[in-house]
Structures are given as structure tokens and as C-alpha cells.
Amino acid sequence: MSRRGILGGMLGGGALVALGAGPAVGAPVEARTVAARQRFFGPEVVDPVTGEVRPDRVVLSWVGCATYAVAFAGTVLLLDAWVPRLSSAGYVPTTAQELADLAPAAILIGHGHFDHAGDAGRIAQAAGAVVHGTAEHCATIRAQVPDPGFATVPLGDAGTAPGTVHEFTVGAIAVTAVRHLHSGPTAPDPANGSAPFFPVPDLCAIAQHPPTLDDLRVGLPRLRDEEGGCLLYQLRVPGFSLVWHDSAGPLTEKAPQVFDALAGLPPTEVQIGAIQGFNQLTNGLRDPRTYIEAVRPRLFVPAHHDNWLPGFTAPAATYDAPLRAELDRIPAEYRPELRSLLDPADYLAPGRLTFPL
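This one's a predicted model, so the numbers in the text were calculated from it and none came from an experiment.

Peer 1: I'd like a rundown of the side chain of serine 247, residues and numbers included.
Peer 2: One can find serine 247 in the loop between strand S10 (240-245) and helix H9 (251-254). A polar side-chain atom of serine 247 sits 2.9 Å from the main-chain amide nitrogen of serine 183. Ignoring anything within four residues of it in the chain, the contact list for serine 247 reads His111, His180, Leu181, His182, Ser183, Cys230, Ala274 and Tyr291.

Peer 1: Tell me about the environment of aspartate 56, and please be specific about residues and values.
Peer 2: The residue aspartate 56 is located in the loop between helix H2 (31-41) and strand S1 (57-62) in this model. Sequence separation of aspartate 56 and leucine 341 is 285 residues, and the distance between their C-alpha atoms is 24 Å. Setting aside chain neighbours within four positions, we find aspartate 56 in contact with Phe355, Pro356 and Leu357. At 3.3 Å, the side chain of aspartate 56 forms a polar contact with the side chain of arginine 57.

Peer 1: Outline the sheet that holds strand S2 (residues 68-72), supporting the account with residue identities and numerical values.
Peer 2: Spatially, S6-S5-S4-S3-S2-S1-S14 is the arrangement adopted by the seven strands of the open sheet, whose pairing is mixed. If you trace the sheet from one side to the other, it starts and ends with strand S6 (152-154) and strand S14 (354-356), each paired once. Neighbouring strand axes in the sheet, compared pairwise and without regard to direction, differ in orientation by 20 degrees on average. Examined bridge by bridge, S2 and strand S3 (residues 75-79) share five bridges and lie antiparallel to one another. What sits directly across from valine 70, in S3, is leucine 77. Together, S1, S2 and S3 form the strand contacts of H2, whose direction differs from that of S2 by roughly 95 degrees.

Peer 1: Quick rundown of the pattern of salt bridges? Include the residues and the values.
Peer 2: Throughout the structure, instances matching the rule amount to 20 salt bridges. Across the pair glutamate 337 and arginine 339 runs a salt bridge whose closest N-O atoms are separated by 3.7 Å. On the accessibility criterion, arginine 339 (21% relative accessible area) is partly exposed. The residue arginine 352 makes a salt bridge to aspartate 346 at a minimum N-O spacing of 3.6 Å. The exposure class assigned to arginine 352 is partly exposed, which follows from its relative accessible area of 29%.

Thresholds, definitions, all that
Residues numbered from 1 in each chain as written. Predicted model: local features only at pLDDT ≥ 70, side-chain atom pairs only at ≥ 80, totals over all residues. Heavy atoms only, no water. Helix = DSSP H or I, 4+ residues; strand = E, 2+ residues; numbered from the N terminus. Polar contact = N/O pair within 3.5 Å; in protein donor to acceptor, adjacent residues only side chain to side chain. Contact = heavy atoms within 4.5 Å. Pairing = 2+ DSSP bridges. Axes fitted to C-alpha atoms, helices over the stretch in contact; angles between N-to-C directions. Salt bridge = Lys/Arg side-chain N within 4 Å of Asp/Glu carboxyl O. Buried < 20%, exposed > 50% of the residue type's maximum accessible area, 1.4 Å probe, protein only.

Take a look at the structure:
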């Protein structure tokens with residue numbers, strides 16, 4: 001059964017609630033944008049009058065699941081666009097409105113499932129952000145709101161071959177998008193697989209942070225949203241590069257040519273990659289490891305490994321030991337430093353991922 005089917009059976013149906021208007025493109029930065037940027041990126045990175053972010057810093061602030069707010073060499077953008085709250089409100093201490101208040105220039109979508117793009121339309125509408133994703137991502141996100149007043153940039157479509165590369169820019173940032181695969185189960189791999197991993201769900205967050213009616217009305221319709229293809233992104237400025245992907249698919253069996261595309265990227269300082277996936281039930285964390293082996297970052301940061309849907313997922317701490325064991329399988333000369341992020345303490349914690357340029 002698909003994830004949407006499981007969650008649909010758990011939660012039922014509902015109706016979409018629109019987000020109020022936010023800062024328009026080209027408008028003066030409002031006080032709430034200054035406040036949001038200082039909260040997400042740190043007051044030392046944000047000008048208290050203009051709201052501009054420092055051009056000599058890269059700051060990433062984790063918003064739960066695989067969503068990140070990013071101040072990248074003077075440009076603000078979002079990687080995915082969803083605040084987890086479908087089954088627990090307030091576990092991640094922010095809102096979709098606060099992400100819109102950041103006034104991001106762009107939203108980069110990894111894939112179209114609700115837990116990655118569920119808030120993208122409302123944020124883009126409020127902030128005037130440009131949405132980048134496949135044609136299906138763009139169409140689904142535009143359909144999330146009435147009269148969408150934001151631009152979309154399609155990067156291929158659901159039929160684009162894995163390994164296909166798209167190049168574009170966001171401000172001064174050079175971006176490469178690589179088509180890859182969503183996580184999925186495969187038969188146990190006797191040559192390169194790992195022991196199955198079954199994390200134990202934690203229901204405490206539901207009891208401590210029950211969802212609100214508005215959370216359910218906003219989130220439940222998004223359970224029907226399709227994947228629409230998967231994109232991995234590399235963002236580059238002189239002296240720094242970041243790879244981010246919100247899923248890790250079974251490339252070994254289904255699309256080994258993607259490894260060549262990843263290995264052909266310019267050198268990567270930091271890789272933020274999803275480690276939770278459907279193949280962990282038969283091959284452990286093999287697939288995330290193979291992405292790391294292809295990209296060869298200096299620093300690896302896990303994502304999509306937290307208790308973003310209590311009862312269906314588990315806290316990030318449960319992934320720490322198997323992830324470290326998986327990294328130990330990489331030869332020492334290519335093994336990245338690991339910087340674990342643990343929920344809920346590392347949500348909106350810019351000091352964990354701040355890099356000078």
C-alpha cells in the first residue's frame with residue numbers, strides 16, 4: 001500500500017484553507033520578514049533594518065522532514081515547503097505563514113508528496129516566490145490555491161529519464177537539478193545491502209501536540225498529491241556547494257546511470273540527504289549510503305528521519321546508530337563527517353548549519 005493510502009485510511013478527507021497575503025515581490029521588507037529571518041538565520045546574519053541576509057554566509061534552518069529555509073550567499077529560498085503538523089501541531093515550532101514571511105525568492109521542490117510540497121502553493125502565493133520542480137509539481141502546486149499569482153519553472157516532467165540534468169540560476173546561485181528516484185522497496189541485496197531497519201514509532205508527540213481542525217483541513221486534501229518525479233539539487237557559489245535531496249531511491253537496481261550524473265557534479269562541501277525510505281525494510285540504509293558514495297561530500301547531514309508524522313515515523317535519534325554503521329562501510333578517505341540533526345531540539349537551529357564563504 002502507498003504512503004498516501006496508509007495516511008488516507010488513518011486520517012480521512014478535508015478541505016483546503018488559503019493562507020493570507022504576504023510580502024509582494026519588490027516590496028519593502030516588512031518588520032515581520034526581518035523578525036522571521038532573524039529567527040531562522042540568526043540576528044547576526046540579518047540586517048535589522050533592511051532584512052537583507054549576509055552574502056558571506058550560508059545558513060540552513062531545518063523545518064522538519066526534508067524542508068529547509070536557506071540563506072545562501074545573500075539569497076533566501078526554501079528547499080521543499082511543508083511544516084509538519086498533520087498529526088501533531090506545534091512539534092515543529094513554526095507555521096506556513098512564517099515561512100512565507102521569510103519572503104523567499106524561490107522554492108525548490110524535490111518531489112510532490114504532501115510532506116514535501118503541501119504548503120508550497122500558499123507560501124509561494126503569499127511571498128511571490130518562484131517554484132521550481134517538474135511540470136507535475138508545478139501544476140499541482142498552482143492548483144493548491146485559487147488564482148495563483150506566482151511563477152513556476154518546470155524542470156522536465158514525470159516521464160523525464162533518471163539521470164537527466166537541468167541547469168538554472170537563482171540570484172547568484174548556480175543550480176543543477178538531477179532527476180533521480182523516490183525511495184522504494186527492492187529484494188535484499190546480498191552484495192551491497194544492509195540489515196533491515198525497523199524504527200519504533202513514537203506516539204508521545206500526538207498526545208503532547210494534538211493537531212488542530214485547521215491543520216487537518218489544510219493537510220488532508222494534500223494526501224492525494226502525486227510524486228510527479230524526484231529531483232536532487234546542487235546549489236553553488238564560489239567557495240561553497242550544497243547537495244540536497246528529499247528521497248533516496250534504489251538506483252542500484254533501477255537507475256544506476258544516476259550514479260554517473262551524481263559523480264559528475266562539481267565537488268560538494270555539504271550534502272543534506274533523506275535517509276528514511278521504504279527500502280530500509282529490506283536493505284537498511286543502503287540507498288542513502290550509495291548517494292553519499294556518489295556525491296562524496298565533506299559533510300553529510302541526514303534529513304527526512306524525524307518524527308514528522310508520529311505513529312508512522314520515528315524520532316531521528318533512532319536512526320543515528322544505523323546511519324553511523326552505514327557510513328563506516330565507506331572507505332575512510334571518502335567518508336564524510338556526519339552532523340546529526342535530532343528532533344525536536346534541532347528544528348530552527350541555524351547555528352547547527354552555518355558556513356562562512
